[in-house]
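Single-letter residue listing:
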Amino acid sequence: MSENSKILVINTLDKGLAENILPLFTEAEIVNTNSYKISPCIGCNSCWIKTPGKCAIKDDYEVLFQKILLADKIVFLAEERLGMVSYKMKNIIDRMIAVAVPYTCIKNGQTRHCARYKKCWKLMLVVVNGTNMPYLDDWMERVAINFHSQSLGTYQSLEREKIENALYNC
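Residues numbered from 1 in each chain as written. Predicted model: local features only at pLDDT ≥ 70, side-chain atom pairs only at ≥ 80, totals over all residues. Heavy atoms only, no water.

> What's the story with the overall build of the protein chain in this structure? I'm lost.
A count of helices and strands for the protein chain gives 5 helices and 8 strands. Mapped in sequence order, the helices and strands of the protein chain form the string β-α-β-α-β-β-α-β-β-β-α-β-α. The C-alpha radius of gyration computed for the protein chain amounts to 15 Å, which stays within 12% of the reference 15 Å derived for 170 residues, consistent with globular compactness. Taken along its principal axes, the extent of the C-alpha atoms in the protein chain is 40 × 35 × 35 Å. Each of the 170 residues in the protein chain was classed as buried or not, and the buried ones make up 48%. Within the protein chain, contacts between residues separated by at least 24 positions form 66% of all contacts whose residues are at least 6 apart in sequence. Charge-centre separation for the protein chain: the mean point of 21 positive side chains lies 9 Å from the mean point of 18 negative side chains. (Helix = DSSP H or I, 4+ residues; strand = E, 2+ residues; numbered from the N terminus. Rg over C-alpha atoms; globule rule 2.2 N^0.38 Å. Buried < 20%, exposed > 50% of the residue type's maximum accessible area, 1.4 Å probe, protein only. Contact = heavy atoms within 4.5 Å. Lys, Arg positive; Asp, Glu negative; His and termini not counted. Charge placed at Lys NZ, Arg CZ, Asp CG, Glu CD.)

> Explain the side chain of K73 to me, please; I cannot follow it from the model alone.
With respect to the helices and strands, the residue K73 is situated in strand β3 (residues 73–81). Buried charge K73 goes without a salt bridge, the closest partner of opposite sign being E27 at 7.9 Å. Reaching out from K73, the side chain makes a polar contact with the backbone oxygen of L167 at a distance of 2.6 Å. (Salt bridge = Lys/Arg side-chain N within 4 Å of Asp/Glu carboxyl O. Polar contact = N/O pair within 3.5 Å; in protein donor to acceptor, adjacent residues only side chain to side chain.)

> Is there a simple way to explain the nonpolar core in this structure?
Generally speaking, nonpolar side chains in soluble globular proteins are found buried as a group. Within the largest apolar cluster, 35 residues are counted, with the highest numbers of intra-cluster contacts made by I10, I68, I74, F76, L123 and L125. Every element with two or more residues in this core is listed here: β1 (7–11), α2 (61–70), β3, β4 (84–85), α3 (87–95), β7 (122–128) and α4 (133–146). The element that contributes the greatest number of residues to this core is α4, accounting for 6 residues. Apart from residues lying up to four places away in sequence, I68 is in contact with L8, I10, Y61, I74, M96 and W121. By size, the runner-up hydrophobic cluster in this structure holds 20 residues, among which are L77, M124, V126 and I163. (Core = buried A, V, L, I, M, F, W, Y, C linked by side-chain atoms within 4.5 Å.)

> Explain the pairing of β1 here, please?
Most of β1 is tucked away: 5 of the 5 residues are buried. Burial along β1 is two-sided: I7, V9 and N11 facing one way and L8 and I10 facing the other are all buried. Across 5 bridges, β1 lies against strand β2 (residues 28–32) in parallel orientation. Bridge pairing in β2 links I7 to A28. (Pairing = 2+ DSSP bridges.)

> Looking at this model, I keep getting lost on the pairing of strand β5 (residues 100–107). Mind explaining?
The two faces of the sheet receive side chains in turn, since in a regular strand these alternate between them. Note: β5 against strand β6 (residues 110–115), 5 bridges, orientation antiparallel. Each residue of the ladder has a partner; that of I106, found in β6, is T111. Hairpin connection between β5 and β6: a loop of 2 residues separates the two successive antiparallel strands, and N108 in this loop has a positive phi of roughly 50°.

> For this particular structure, what's the right way to read the environment of M124?
The residue M124 is located in strand β7 in this model. The buried category is assigned to M124, whose relative accessible area is 0%. With sequence-adjacent residues up to four places away left out, M124 is seen in contact with I74, V75, F76, L152, G153, Y155, I163, A166 and L167.

> I keep staring at the side chain of D59 and nothing clicks. Help me out?
Here D59 lies in the loop between β2 and α2. For D59, the side chain forms a polar contact with the side chain of R95, separated by 3.0 Å. Among residues more than four places away in sequence, those in contact with D59 are K37, I38, S39 and R95.

> Is there a simple way to think about the layout of surface pockets in this case?
Once rolled over the atoms, a probe with the size of a water molecule shows which space is left empty. In this structure, the largest pocket spans a volume of roughly 160 Å³. In terms of lining residues, the largest pocket is bounded by I93, D94, I97, A100, R112, H113, W139, V143, N146 and F147. Contributions of two or more residues to the lining of the largest pocket are made by α3, β6 and α4. Of all the elements, α4 adds the most residues to the lining of the largest pocket, at 3 residues. Residues belonging to the lining of the largest pocket are distributed by class as follows: 6 nonpolar, 2 polar and 2 charged. (1 Å grid on protein atoms, 1.4 Å probe; cavity = no way out; pocket = protein on both sides within 12 Å on 5 of 7 lines; lining within 4 Å. Points joined across faces, edges and corners; volume = space filled by probe spheres on them. Nonpolar A, V, L, I, M, F, W, Y, C, P; charged D, E, K, R; others polar.)

Following this line, the structure appears as structure tokens:
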């Protein structure tokens, strides 16, 4: 891993589910969001138009977003619920829309919202109790495309060696 690469782990798992996977991220800043109040996106578009890059909802996401902006790699730790990431993780990723602008551009032959920041995050999803991994991997790829970033893949929390290789050897 490059010396200047900053890893942020966004953990939405309950303590019992997280305790086995968190020691893997010794070189990362870990944010346990269970004590954070993070409301869902309300689709007001203020972060695009009225207050560019800043969400109109004033809650603990503001602190998390500043950490996101400083990170180079982001690991999302979530539980699978009904074939998708938990609502806690979905709220966080939905609120990241402020990294884009309302204007569109073509990227890899697809129309996407243009990036607000000249940054390409490396994103990874680690799932506990995942049964729908192909779908979640495809979803994370699309999240990465929408955020003008790169997906490092989607992994079951038990795939420790694969997670380490993807995160520290890219």
